Amino acid sequence: MKENKLIDLSMDFSVKVIKLCAQIKGHYALVNQLERCATSIGANIHEANYAHSKPDFIAKLQIALKECYEAEYWIALFARADLMDGEIAKDLYNRCGTIRRILIASVNTAKANEHKQINP
């Protein structure tokens, strides 16, 4: 999948989380955590496209991946605490999972390509 598609998916995910978080009253510290990790995914993917080197590119994608795992945690917590509708939580969780799987594949591909360049 092209990087632009990944950027688009992460941007759409961030926008949905921001709009959802704007509707949640109270729990500002938790809302802040979800907003920060959700928006960090796309920011790191975007930044990876301007990496200085292949290891820098991989590192940025790995940070985005870690942020995906964190976002999934917060979404599950919000759903369990009834801070968000179950259907909305399911949609966000699925979107985040799609991004996570693409990131895993991208990191694995980048690592394999890096290894091929070092050991032709």
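To keep things clear, this report deals only with the structure shown in the data block. Computed from a prediction, not measured in an experiment: that's the story for all the values here. Residue positions are counted from 1 within each chain, in the order its sequence is given. Note on the predicted model: pLDDT of at least 70 is required for a residue's local features to be given, and 80 or more for side-chain atom pairs to be given and counted; whole-chain, interface and lining totals, by contrast, use all residues. In computing side-chain values, all of the structure's heavy atoms are included and hydrogens and water are not.

It is worth spelling out the overall build of the chain at this point. Numbered from the N terminus, helices here are DSSP runs of H or I no shorter than four residues, and strands are runs of E no shorter than two. Along its length, the chain carries 4 helices and 0 strands. Seen in sequence order, the chain has helices and strands lined up from the N terminus as α-α-α-α. Its C-alpha atoms put the chain at 55 × 20 × 20 Å along the principal axes. Throughout, a contact is declared for two residues whenever any of their heavy atoms are within 4.5 Å. For the chain, contacts bridging at least 24 residues in sequence account for 75% of all contacts bridging at least 6. About 7300 Å² of surface is accessible on the chain, with carbon and sulfur atoms providing 54% of the total. The accessible surface values rely on the Shrake-Rupley method and a 1.4 Å probe; as for residues, cover is taken only from the protein chains in view.

A separate point is unusual backbone geometry. The backbone phi angle of His27 is positive, close to 55°, even though this residue is not glycine. Relative to the elements of secondary structure, His27 occurs in the loop between helix H1 (3–23) and helix H2 (28–48). Even without glycine at this site, Asp82 takes up a positive phi of about 60°. Its place among the elements puts Asp82 in the loop between helix H3 (54–80) and helix H4 (86–118). When a residue's accessible area, from a 1.4 Å probe over protein chains only, is under 20% of the maximum for its type it is buried; when over 50% it is exposed; and in between it is partly exposed. Of the residues examined, Asp82 reaches a relative accessible area of 67% and is grouped as exposed.

A separate point is the nonpolar core. Ranked by size, the top nonpolar core spans 33 residues in total, and within it Phe13, Leu34, Ile41, Ile45, Met84, Ile99 and Leu103 carry the most contacts. Mapped onto this core, the elements with two or more residues apiece are H1, H2, H3 and H4. In terms of residue count, H3 provides more of this core than any other element does, 10 residues in total. Apart from residues no more than four positions distant in its own chain, Ile99 is found in contact with Leu6, Leu9, Ser10, Phe13, Ile41, Ile45 and Cys68. Here, nonpolar core refers to any group of buried Ala, Val, Leu, Ile, Met, Phe, Trp, Tyr and Cys residues whose side-chain atoms link them within 4.5 Å.

This part takes up the side chain of Asn44. Residue position: Asn44 is located in helix H2. Not counting the four nearest positions on each side in its chain, Asn44 is found in contact with Lys60, Ile63 and Ala64.

Before going further, it helps to examine the environment of Val107. Inspection of the secondary structure puts Val107 in helix H4. Taking relative accessible area as the criterion, Val107 reaches 5% and is therefore assigned buried. Separated by 48 residues in the primary sequence, Val107 and Ala59 place their C-alpha atoms 8.7 Å from one another. Apart from the residues lying within four places of it in its own chain, the contact partners of Val107 are Ile58, Leu61 and Gln62.

The next thing to look at is the pattern of salt bridges. Where charged atoms from two side chains of opposite charge come close, those side chains can pair. Put simply, a salt bridge is a Lys or Arg side-chain nitrogen that is within 4 Å of an Asp or Glu carboxyl oxygen. Per the counting criterion, the structure on display carries 3 salt bridges. Measuring nitrogen to oxygen at the nearest pair gives 3.2 Å for the salt bridge that ties Lys60 to Glu47. Taken together, the positions of Lys60 in helix H3 and Glu47 in helix H2 put the pair 13 residues apart, joining distant regions of the chain. You can call Glu47 partly exposed: its relative accessible area is 40%. For the salt bridge of Asp91 with Arg95, the shortest nitrogen-to-oxygen distance reads 3.0 Å. One end of the pair, Asp91, and the other, Arg95, are both in helix H4, 4 residues apart, so they sit about a helical turn from each other. On the accessibility criterion, Asp91 (33% relative accessible area) is partly exposed. When its relative accessible area of 31% is taken as the criterion, Arg95 is described as partly exposed.

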